[in-house]
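Fold and contact review
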Amino acid sequence: MASERRTARASALRGFAATLFVALTLTAGTGCTTFMVRVNPALEAAAGSGDPLAVYDALEALIGARQDTPGDRTFAYEELQRIDESSAAATFARAAVTGRLVQQRGLRAAHLVPEIERYAELSRKLDPDFRGGAATRVLGTLYVAAPATLLQHGDSERGLALLEDLVDRRPDLLENHLRLAEAYVALGDPGPAADHLCRCIGSREGLGRDDRELLDRLLEHSGRLPCAYVDVATPPSDKP
């Protein structure tokens, strides 16, 4: 019975994942746009340090503050291509920055998905505990969201298993609970996500802006939660 349930879960998640990936990438549009490339000085300064992680952190800070320019993600990606370093931090930075570029460019950048997978896997092998399993979060989320045809070493079933294991190993990190809840809700089976969502709600301010917005979206599809103090019909929002 358990085996049949896992198979059904994986099948449903694979179907949803393909739809989700297309929906996410289409939001960026697929047409060609010409613009004058402007890069934030803070990102240029981080790139000048030669530290891949500094570039990633600077880009994330700009995105979180909604101050990133259209050229920032491309600039960060290209700068990391020039830095010849293979540490856990550097490979994680390359995976995560590439993911941000795919998020921006949409289907035009689908060919970069294997690059995210490759560098996230390498970072995990070098140091699985780097930043609380950051590379595993990237990889698990990628396997859940991306069609298996774009991947080489995993699929939605492995992605779910990676996220479940990560929560078991580092239950103290809210991001781990949020990503696992996202996978469960994506399956259309929000029951197992309830406890993880409640934990995130209780410490909402500990999440970054993007993650708080993700939490709001998940609450819209999670049904009634066992958190008595939460009104899931009108979750809090960071939007003005």
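Structure's up top.
Anyway, here's the lowdown on the structure attached to this text. (Residues numbered from 1 in each chain as written. Predicted model: local features only at pLDDT ≥ 70, side-chain atom pairs only at ≥ 80, totals over all residues. Heavy atoms only, no water.)

**Considering the overall build of the chain**
The helix and strand inventory of the chain stands at 11 helices and 0 strands. Tracing the chain from N to C terminus, the helices and strands come up as α-α-α-α-α-α-α-α-α-α-α. The buried share of the chain, reckoned over its 240 residues, is 48%. If you take every contact in the chain between residues at least 6 apart in sequence, the share linking residues at least 24 apart comes to 65%. Total accessible area on the chain stands at roughly 12,000 Å², and carbon and sulfur atoms take up 53% of it. (Helix = DSSP H or I, 4+ residues; strand = E, 2+ residues; numbered from the N terminus. Buried < 20%, exposed > 50% of the residue type's maximum accessible area, 1.4 Å probe, protein only. Contact = heavy atoms within 4.5 Å. Areas by Shrake-Rupley, 256 points an atom, 1.4 Å probe, with all protein chains shown as cover.)

**Regarding the pattern of salt bridges**
One pass over the structure, following the stated rule, counts 17 salt bridges. As a salt-bridge pair, Asp-210 and Arg-100 come within 2.9 Å of each other at their nearest N and O atoms. Note that Asp-210 is positioned in helix H11 (residues 209-220) and Arg-100 in helix H5 (residues 88-105), a separation of 110 residues in sequence. Residue classification places Arg-100 among the buried residues on the basis of a relative accessible area of 13%. A salt bridge links Asp-211 to Arg-179, with the shortest nitrogen-to-oxygen separation between them at 2.8 Å. Highlighted residues: Asp-211 in helix H11 and Arg-179 in helix H9 (residues 174-187), separated in sequence by 32 residues. Of the residues examined, Asp-211 reaches a relative accessible area of 10% and is grouped as buried. Look at Arg-179 and you get partly exposed, because its relative accessible area is 21%. By sharing partners, the salt bridges in this structure join Glu-60, Arg-66, Arg-100, Arg-209, Asp-210 and Glu-213 into a single network. (Salt bridge = Lys/Arg side-chain N within 4 Å of Asp/Glu carboxyl O.)

**Some details on the packing of aromatic side chains**
The full count for this structure, using the stated rule, is 2 aromatic pairs. Between Tyr-56 and Phe-92, the aromatic rings sit 5.0 Å apart at their centres with planes inclined by 75°, giving edge-to-face as the arrangement. You can see Tyr-56 sitting in helix H3 (residues 52-64) and its partner Phe-92 sitting in helix H5, a full 36 residues away along the chain. Judged by relative accessible area, which is 3%, Phe-92 ranks as buried. In textbook terms, an aromatic cluster arises when at least three aromatic residues are bridged by ring pairs, as seen for Tyr-56, Phe-92 and Phe-130. (Phe/Tyr/Trp six-rings, centres within 6.5 Å; stacked < 30°, edge-to-face > 60°.)

**Let's talk about helix H2 (residues 41-48)**
Where H2 is concerned, the buried positions are Leu-43, Ala-46 and Ala-47. Down the axis of H2, the sector holding all buried residues measures 100°, keeping them to one side. Seen from the buried face of H2, the exposed residues on the opposite side, beyond 90 degrees, are Pro-41, Ala-45 and Gly-48. Next to the buried residues of H2 lie H3 and helix H4 (72-82). (Arc of directions from axis to C-beta.)

**Points about helix H8 (residues 156-169)**
For H8, which comprises 14 residues, the first-to-last C-alpha distance of 20 Å matches the rise-based estimate of 20 Å (1.5 Å per residue) to within 8%. The backbone nitrogen of Glu-157 has a side-chain oxygen 3.2 Å away, supplied by the residue at the start of H8, namely Asp-155. (Expected span 1.5 Å × (residues − 1). Polar contact = N/O pair within 3.5 Å; in protein donor to acceptor, adjacent residues only side chain to side chain.)

**Concerning the side chain of Thr-91**
Looking at where Thr-91 falls in the secondary structure, it is placed in helix H5. There is a polar contact of 2.8 Å between the side chain of Thr-91 and the backbone oxygen of Ser-87. A distance of 3.2 Å separates the side chain of Thr-91 from the backbone oxygen of Ala-88, its partner in a polar contact. Apart from residues lying up to four places away in sequence, Thr-91 is in contact with Ser-86, Tyr-119, Leu-122, Ser-123 and Leu-126.

**A look at the packing of H2 against H4**
Closest axis-to-axis distance for the H2/H4 pair is 11 Å, and the angle between their directions is 5°. One element, H2, and the other, H4, form an angle in the roughly parallel class. Contacts between H2 and H4 involve Leu-43, Glu-44 and Ala-47 on the former and, on the latter, Asp-72, Phe-75, Ala-76 and Glu-79. Here the contact of H2 with H4 is composed, by residue class, of 4 nonpolar, no polar and 3 charged. (Axes fitted to C-alpha atoms, helices over the stretch in contact; angles between N-to-C directions. Parallel < 35°, antiparallel > 145°, perpendicular 65-115°, else oblique. Nonpolar A, V, L, I, M, F, W, Y, C, P; charged D, E, K, R; others polar.)

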